[in-house]
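Residue-level structural notes
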Amino acid sequence: MNYGAMNYSDTSFAQSTTAPFLSLEAVRKTYPGVVALDGFSMEVRPGEVIGLVGENGAGKSTLMKILGGVTRPDSGTVTVDGVAHVGLTVEASIGSGIAFVHQELNLFENLDVAANIFFGREPLKAGPLRLVDRARLREMVAPLLKRVGANFSADAPVATLSLAQQQMVEIAKALSIKARLVILDEPTSSLPIAETEKLLDVIKGLRAEGISVIFISHRLHEVERVADRVVVLRDGMLAGTLPKSEINHDQMVKLMIGRMLKEREKAAEAGRAPGGVALSVNAVRTSAYPDHPVDLDVRRGEILGLAGLVGSGRTELARVLFGIDERLGGSVALDRKALNVGSAADAVANGIFLVPEDRKLTGILLDLSIAQNISLPNLPAHAKRLLVSASAELATAEKQKKDLGIKAPSVLTRTGTLSGGNQQKVVLAKWLAMNPKVMILDEPTRGIDIGAKAEIYGLMRALADAGVAVLMISSDMEEVIGVSDRIAVMHEGQISGILDRDDFSQENVLLLAVGKSPKLAHAVGGAQ
Amino acid sequence: MSKKDLGLLILILVVGAVVTAINPRFLLPINLANTSNLIGLFGILSIGQAFVIITGGIELSVGSLVALLGTLFIDFIAVREMDWPLAFVLIIVLGAVIGYVHGWLITRLKLQPFVVTLCGLLIYRGVARFYTADGTAGFAFGQNFPTLEFITAGRSYGVPNSFIALIVIAIVMWVVLHRSVFGRYLYAIGKNEEAAKYSGIRTGRVVIAAYVICGVLTALSAIYFAMYTRSISPASHGQFYELYAIAAAVLGGFSLRGGEGSLIGVILGTVLLQELQNLVNLLGIPSSLNFAVMGGVILIGVLVDQQWGVFRARRRMMEATRRNVAGAPAE
């Protein structure tokens with residue numbers, strides 16, 4: 001195989017005459033209480049990029065577990081490279097060249113790139129000490145990094161790499177075991193636009209080498225761009241397959257949920273006249289770019305989208321505004337009054353709430369019940385003489401559960417058992433139960449299925465309509481353009497421009513994100 | 001009372017019954033009174049430790065503190081002839097201040113609880129020995145403090161007052177831990193400190209408060225221990241007491257990762273530990289095996305608890321499968 005030049009031709013290796021590398025036939029898998037897969041069949045040909053889409057709970061993860069050899073199907077066959085298995089084992093899966101790149105990366109952040117790629121398979125020097133042959137290791141790693149188009153070196157510590165770069169390490173790891181099918185599970189969900197481009201290029205490179213790819217994503221426009229064929233799962237069954245010519249957003253959504261969706265358009269159409277400035281950020285500097293001040297106004301009643309590349313300082317800005325990080329300079333005003341937020345508790349007391357990026361780590365407490373999570377930020381209000389009143393707590397939780405449509409057996413259910421979308425609703429519920437003035441949402445729909453996404457957009461719009469200033473950080477281009485009233489774009493720690501609705505376009509957002517000038521509809525006045 | 005606590009209570013009763021069967025002296029009033037006195041002393045200490053453990057922290061200096069504060073207390077009233085209520089308050093305040101300093105170092109300077117309190121363990125022991133010039137702190141012949149002695153070492157209706165003190169403290173602390181806003185914060189921080197912070201809780205203050213509570217209860221038990229032994233050699237007094245307290249909490253269902261455990265649990269844990277001590281004495285087991293017996297029982301207890309959890313999870317799965325199979329034709 002030629003390790004050198006990557007040929008990004010769009011002509012795929014896939015031909016109907018080639019024998020499939022992988023084929024599943026009538027695979028069925030049940031868990032207590034649910035049928036996860038119900039007679040599902042599909043095939044993947046060499047060098048074919050399959051887009052696998054479906055809502056959360058449609059059976060994608062069960063399918064992945066079967067392909068990884070972690071679970072056995074109840075019935076049906078899995079044929080890999082001409083060999084039929086009743087149930088794959090982990091060894092058989094790895095042995096036949098199936099590699100996974102998971103949404104949550106499995107890298108050792110404290111080790112360097114080379115050590116991660118060949119972890120447990122290090123080339124050893126001769127002798128009883130079995131020392132790692134570092135020179136040989138580097139030789140082995142170099143071509144792999146070249147194949148994924150890496151712009152970092154083999155001895156860089158993984159902790160210093162961006163998310164996209166870490167994904168490249170995972171893909172290089174897959175290549176190192178001579179993978180013939182690479183399964184990417186939600187690889188772009190945490191990537192910003194430019195890095196997503198790189199990843200899509202890598203996928204095309206894999207295809208050009210004849211390696212098959214299963215690309216699982218909720219970001220349908222990316223699936224649209226890269227997939228040769230789309231397989232749609234719904235309720236454990238094959239809802240449909242779309243050939244290249246028929247792949248488009250609406251078709252996929254229709255197959256995924258069995259109906260057309262209008263909520264997003266509804267969220268976008270509002271765009272009513274916003275009120276005065278609620279939150280005013282003046283020359284604030286954050287730890288990400290201590291020399292670059294940020295100026296930004298968020299008005300009452302608007303959804304201000306905050307776009308930009310990962311590492312452009314958006315999350316750090318949110319953390320400063322919410323009092324988690326220290327403000328390095330500048331000032332913040334709420335309703336024209338100077339505000340000194342020294343801790344999250346101060347922010348909460350002033351009605352500035354954050355729905356953080358990492359739901360499971362910082363958004364909710366997985367071990368607590370829905371009710372306990374919702375009352376936590378406002379516990380004294382649910383207490384009499386400092387003793388928690390269970391009835392007050394339950395009343396608040398029941399109301400929020402109903403208002404937000406949180407799907408759970410009861411408000412006493414542990415939040416850890418809920419789906420991502422419902423967990424996110426719990427995060428929102430705890431703030432909605434109080435009186436938000438400014439709501440900051442950091443990647444509010446990451447890893448959430450389409451139905452729940454639409455509901456969360458609806459909630460954001462309702463908040464804005466009620467006069468709340470909403471600041472939404474998002475790396476999902478469709479979302480930023482579809483949901484925002486205005487878009488502010490960050491580049492290297494500064495606001496590089498603000499777009500009004502007339503100037504919304506992927507191109508403009510991208511141009512600003514890399515620090516160039518957008519193409520505006522009206523005569524230019526620069527950033528307002 | 002949770003199932004875990006109930007299991008522990010049954011274990012205590014079974015062990016008690018077995019010991020009684022072999023040596024009926026177990027149930028003699030004098031033996032029960034002595035044991036419950038020790039339960040009172042160690043129980044107060046263990047509750048303090050439990051408040052720290054629930055936040056995911058640990059307090060290793062309590063044994064040394066019992067020595068230092070006990071030495072100071074006896075010195076204050078016996079040598080410096082301070083009024084005992086004043087000395088009592090001073091010692092409690094000193095315990096609170098030390099707890100505050102520990103909490104401050106841990107939350108503000110981000111030092112690890114293990115390291116901070118390990119240094120405390122060494123420092124307070126050293127200071128106590130230095131203070132008495134490695135001698136013994138005790139009362140002069142004929143010196144007595146009737147009220148103080150009644151409160152700390154006396155009995156009411158045959159029940160040691162130290163045990164009664166434990167009951168009162170336990171009830172108050174049960175309300176604090178299981179019913180109050182502060183208690184909920186403690187559990188939330190123990191489960192996930194970051195998420196608690198993102199919910200607007202001033203986590204630093206809450207954690208410091210936990211160490212202050214531990215310091216106060218440790219100081220209180222230090223006074224009780226001092227009045228129980230009436231003379232203190234700082235080189236050995238209170239040695240390993242931090243481990244008794246941690247052991248009681250672990251036996252009582254506390255997780256050292258934080259966020260788990262109940263007040264009844266830590267009390268029952270203390271009771272079981274003292275019962276085991278008593279067992280070693282009554283059954284003629286060489287007292288040198290004392291620690292080995294305790295360690296063995298804790299290990300078995302933790303193992304049984306974990307296996308029980310695994311067993312229950314498996315049974316739940318199987319029941320769900322059965323329901324599913326039964327309901328399958330309906331699909």
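Keep in mind it's a predicted model, so treat the numbers as computed, not measured. (Residues numbered from 1 in each chain as written. Chains lettered and ligands numbered in written order. Predicted model: local features only at pLDDT ≥ 70, side-chain atom pairs only at ≥ 80, totals over all residues.)

Glancing now at the overall build of chain B. Summing up its helical and strand segments, chain B has 13 helices and four strands in all. Expected size for 331 residues packed as a compact globule is a radius of gyration near 20 Å; at 22 Å, chain B falls within 12% of this value. Expressed along its principal axes, the backbone C-alpha trace of chain B runs to roughly 85 × 55 × 35 Å. Counting all 331 residues of chain B, 45% fall into the buried class. Contacts spanning at least 24 positions in sequence make up 77% of the contacts within chain B whose residues lie at least 6 apart. (Helix = DSSP H or I, 4+ residues; strand = E, 2+ residues; numbered from the N terminus. Rg over C-alpha atoms; globule rule 2.2 N^0.38 Å. Buried ≥ 20, exposed ≤ 12 C-beta atoms within 10 Å, placed from the backbone. Contact = placed C-beta atoms within 7 Å.)

Val182, Phe215, Met460 and Val470 of chain A are the most contacted members of the largest nonpolar core, which totals 236 residues. For this core, the element with the most residues is helix α10 (residues 203-229) of chain B, which contributes 18 residues. (Core = buried A, V, L, I, M, F, W, Y, C linked by C-beta atoms within 7 Å.)

With that settled, the discussion passes to the pairing of strand β22 (residues 494-500) of chain A. Residues and elements named next belong to chain A. Taken across its seven residues, β22 has five buried, putting it largely inside the fold. Pairing of strand β21 (residues 486-491) with β22, which is carried by six bridges, proceeds in the antiparallel orientation. Bridge pairing in β22 links isoleucine 487 to leucine 499. Taking the residues between adjacent antiparallel strands as the criterion, β21 and β22 are bridged by two residues, where glutamate 492 takes a positive phi near 45°. (Pairing = 2+ DSSP bridges.)

What holds strands together in a sheet is hydrogen bonding between their backbones, with the strands either parallel or antiparallel. All names here are of chain A. Here six strands make up an open sheet; going across it, the order is β16-β19-β20-β13-β21-β22 and the pairing mixed. Each edge of the open sheet carries a strand with a single partner, namely β16 (352-355) and β22. Ignoring strand direction, the axes of neighbouring strands in this sheet form an average angle of 20°. Looking at chain direction, β16 and strand β19 (residues 438-442) are connected through four bridges and run parallel. (Axes fitted to C-alpha atoms, helices over the stretch in contact; angles between N-to-C directions.)

Right, let's talk about the UniProt feature "transmembrane region" (unreviewed entry) in chain B for a bit. Under the local residue numbering, the UniProt record ascribes the feature "transmembrane region" (unreviewed entry) to residues 37-55, 62-79, 85-106, 113-131, 163-187, 208-227 and 291-311 of chain B. Helix makes up 100% of residues 291-311 of chain B and strand 0%, whereas the separation of the span's terminal C-alpha atoms amounts to 30 Å. (UniProt positions renumbered as here; feature names shortened; annotations may be inferred.)

The subject of this paragraph is the domain arrangement of chain A. Taken as a whole, chain A is organised into domain 1 (18-97 + 180-260), domain 2 (106-178), domain 3 (276-351 + 436-519) and domain 4 (366-434). For domain 2 of chain A and domain 4 of chain A, the distance between their C-alpha centroids amounts to 44 Å. (Domains from an automatic or database assignment.)

Right, let's get into unusual backbone geometry. Residue and element names in this part refer to chain A. A positive phi angle, near 50°, is found at aspartate 235, a position not held by glycine. Locating aspartate 235 in the fold gives a position in the loop between β9 (229-234) and β10 (237-243). Overall, the presence of 16 C-beta atoms within 10 Å leaves aspartate 235 in the partly exposed class.

Taken residue by residue, the interface counts 25 residues in chain A and 20 residues in chain B. When grouped by side-chain class, the residues that make up the side of chain A that touches chain B number 18 nonpolar, five polar and two charged. (Nonpolar A, V, L, I, M, F, W, Y, C, P; charged D, E, K, R; others polar.)

Attention now goes to helix α16 (residues 450-465) of chain A. Think of an α-helix as turning once every 3.6 residues; residues three or four places apart then point the same way. All names here are of chain A. When the terminal C-alpha atoms of α16 are compared, their 23 Å separation across 16 residues agrees well with the 22 Å that a helix rising 1.5 Å per residue should span. α16 sits mainly inside the fold: 12 of its 16 residues count as buried. Positive phi shows up at glycine 467, right after α16, with a value of about 95°. (Expected span 1.5 Å × (residues − 1).)

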